[in-house]
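# Coordinate inspection notes
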Amino acid sequence: MRPLAVPARGQPLLLQGGTGRLESTTFVHNSAQVPPSSTPLLTQLVITYAYHMSLILSIETATRTCSVALHTETQLLATQTLYVANSHAEMLHQTIEHLLAISARTIQDLEAVAVSNGPGSYTGLRIGFSVAKGLCYALELPLIAIPTLSAMAHGIQPYNTEQALRCPMIDARRMEVYCMLVDAQDRVLMPLCAMVVDDASFQAYLQHTPVLFFGDGAAKCRPLLMRHSNASFVEDVTPTAQSIGQLAQKKFQQGIFEDLASAVPIYLKPFGGKPSTSADR
């Protein structure tokens, strides 16, 4: 009989959907256990392993909300979103510790950190990036960056029953918004930009197809765009760490990580910068 190669205890095992580590082996012959030395009689090998899946911490601080989530590679474990203005610096660390505790995990269990990288609030983005990069440096973890507007578009898609185009908007003061436009298949029709909205904005799209506007920048645009029959608005949509984590899972599996030394948020315009001109219609 050809010798059987048995992995050592603690050795990683490649499993569908994750990894495992060998805990013990039991050799079975004719329904009776026999010691490993009796390998010539071996007819069955039973491997007991501790199933392990990668744990990803996701952070969202690009707007007034402060949101944190914990995902494995396949599911959401826990999430918490605080709708308290300017709570990021005070509550972010506490929220992370709370989620780890109720999930029966420790910070050493993390295998990656994902962060919303903007655009959005300058202060909020800096706080989120500072915490995310600090954890990655201290724990030697990879950093995953997810555009805030992409996460917003992803989060609302399950409710997009008409398969409309999706336009997430973040308030950039005055009549300016940060926005992008994607279709139901996540194809980008209008890249991320800072736009001064007027009554002619998005006209080329609204003439032919429904467009769903949402986010804290959409409310001030509603009086200008609602005259179009194809324009629809969804209220109270904010970025969440749950959506950040869902997109981060894909990047984690593909090994797409940021360079810790050079990673910075997407600000689109400098602090106190002049409003941009109206974007291409």
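To start, this report covers the structure provided alongside it. (Residues numbered from 1 in each chain as written. Predicted model: local features only at pLDDT ≥ 70, side-chain atom pairs only at ≥ 80, totals over all residues. Heavy atoms only, no water.)

## Considering the pairing of strand β8 (residues 110-116)
For β8, the tally of buried residues reaches six of seven residues, placing the bulk of the element in the interior. Both β8 and strand β9 (residues 143-146) contribute to a ladder of four bridges, which runs parallel. Across the sheet, the residue bridging to Val-113 is Leu-143, located in β9. Considered for its hand, the β-α-β crossover made up of β8, helix α2 (residues 122-139) and β9 is right-handed. (Buried < 20%, exposed > 50% of the residue type's maximum accessible area, 1.4 Å probe, protein only. Helix = DSSP H or I, 4+ residues; strand = E, 2+ residues; numbered from the N terminus. Pairing = 2+ DSSP bridges. Right-handed = clockwise from strand over helix to strand, strands pointing away.)

## A look at the pairing of strand β11 (residues 176-182)
Extensive coverage of β11 is indicated by the burial of seven of its seven residues. Of the two faces of β11, both are covered, the one formed by Glu-176, Tyr-178, Met-180 and Val-182 as well as the one formed by Val-177, Cys-179 and Leu-181. Between strand β10 (residues 165-171) and the antiparallel strand that follows it, β11, lie four residues; Arg-173 among them carries a positive phi value of about 80 degrees. With six bridges joining them, β11 and strand β12 (residues 188-196) adopt antiparallel strand pairing. By the bridge assignment, Cys-179 is partnered in β12 with Cys-193.

Interpretation note: all reported values are geometric properties and have no functional meaning in isolation.
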